[in-house]
Amino acid sequence: MTTATTFTEVLAAQLRRDPGRPLVTFYDHATDERVELSVTTYANWVAKASGLLTDIADLERGMSLRIDLPPHWLSTVFLGAAWTVGLRVTTSDAPDAVVCGPDGLDTWAPRAGSVPVLACSLRPLGVRFADELPAGVLDVGVEIWSQPDGFAAWDPPTGDDLATDDLTQARLWTNDRTAAVGSGLTDGGRLLSVADPASPPGMATFTEPLGRGGSLVLVRNPDPARLDDVHDAERATARA
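All of these numbers come straight from a predicted model, not from anything done at the bench.

1. Overview of the overall build of the protein chain
The number of helices and strands found in the protein chain is 9 helices and 10 strands. On C-alpha atoms alone, the protein chain measures out to a radius of gyration of 17 Å, which is about the 18 Å that the 2.2 N^0.38 rule sets for 240 residues. Expressed as lengths along the three principal axes of its C-alpha atoms, the size of the protein chain is roughly 45 × 40 × 30 Å. Counting only residues that meet the buried cut, the protein chain has 55% of its 240 residues in that class. Residue pairs at least 24 apart in sequence account for 70% of intrachain contacts in the protein chain once pairs closer than 6 positions are excluded. Averaged over its 19 positive side-chain charges, the protein chain has a centre that lies 5 Å from the centre of its 33 negative ones.

2. Focus: the pairing of strand E1 (residues 22-28)
When a strand is regular, its side chains alternate between the sheet's two faces. Summarising burial for E1: 6 of the 7 residues are buried, a large majority. Bridge analysis of E1 against strand E2 (residues 33-38) gives 6 bridges, and the strand direction is antiparallel. Looking at E2, one finds that Pro 22 is bridged to Ser 38. Between E1 and the antiparallel strand that follows it, E2, lie 4 residues; Asp 32 among them carries a positive phi value of about 65°. For E1 and strand E9 (residues 215-220), the ladder comprises 5 bridges, and the chain directions are parallel. The partner of Asp 28 across the bridge, within E9, is Arg 220.

3. Things to note about the environment of Ala 47
When you line up the elements, Ala 47 lands in helix H2 (residues 39-56). Accessibility expressed as a relative area gives 7% for Ala 47, which makes it buried. Discounting residues that sit within four places of it in the chain, Ala 47 has contacts with Pro 148, Asp 149, Gly 150 and Phe 151.

4. A few points about the sheet that holds strand E4 (residues 88-89)
Strand order in this open sheet of 5 strands is E4-E3-E5-E6-E7, and the pairing throughout is parallel. Bordering the open sheet on either side are E4 and strand E7 (138-139), each of which pairs with just one other strand. Relative to strand E3 (residues 64-68), helix H3 (residues 73-85) is tilted by about 175°, and along the sheet it contacts E3, E4 and strand E5 (97-100).

What counts, and at which threshold
Residues numbered from 1 in each chain as written. Predicted model: local features only at pLDDT ≥ 70, side-chain atom pairs only at ≥ 80, totals over all residues. Heavy atoms only, no water. Helix = DSSP H or I, 4+ residues; strand = E, 2+ residues; numbered from the N terminus. Rg over C-alpha atoms; globule rule 2.2 N^0.38 Å. Buried < 20%, exposed > 50% of the residue type's maximum accessible area, 1.4 Å probe, protein only. Contact = heavy atoms within 4.5 Å. Lys, Arg positive; Asp, Glu negative; His and termini not counted. Charge placed at Lys NZ, Arg CZ, Asp CG, Glu CD. Pairing = 2+ DSSP bridges. Axes fitted to C-alpha atoms, helices over the stretch in contact; angles between N-to-C directions.

That's the geometry; what it means functionally is another story.
In structure tokens, the structure reads:
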């Protein structure tokens, strides 16, 4: 297990250790989409999303972000970006900003005049929405590409900054909080999960593989009849 106290330290350690290894492998059984992010590719996406949160959404350390996305590789990206900036990932209905998918537009678009609303199309490769978005809503698939592949927070968070509504970054990475319940994941293993990593119950399905130098195989819209095949094809070593 990692002894780091911030997400930035954890990710930096994994970049030094093996930057080319898979970190997040995503399947959507409804669309047959498969996306794989290496540690380096994931770090690049996190850097771009961090720039989006600070430069476009104007968020600062200590503010809160609601990630209202289904199980998706972009959920892991925005978790990392939030913790890189020093934001608290919240379940509150009154966040300082929100990242949502198409299903969240009816809820969040009316609030785009008071809080930044960043919408993800959830189409392959993170591309833009096919249709025009409601006024004031930012299309992540448009805005994120202009952000650089590297990001350094001007006011970097410490282990004492809140990572969630009830956990500091340091506490998030301690052994008992990092582990996904019942996963049995060992160092360097691959965890197969259908849980939403941006939700409190599912967050450990991402933090545990990251902290252990392993990887997450995330399945959206899982077909139970296909999960064993995914497990075998991806050489998963544990399930959660």
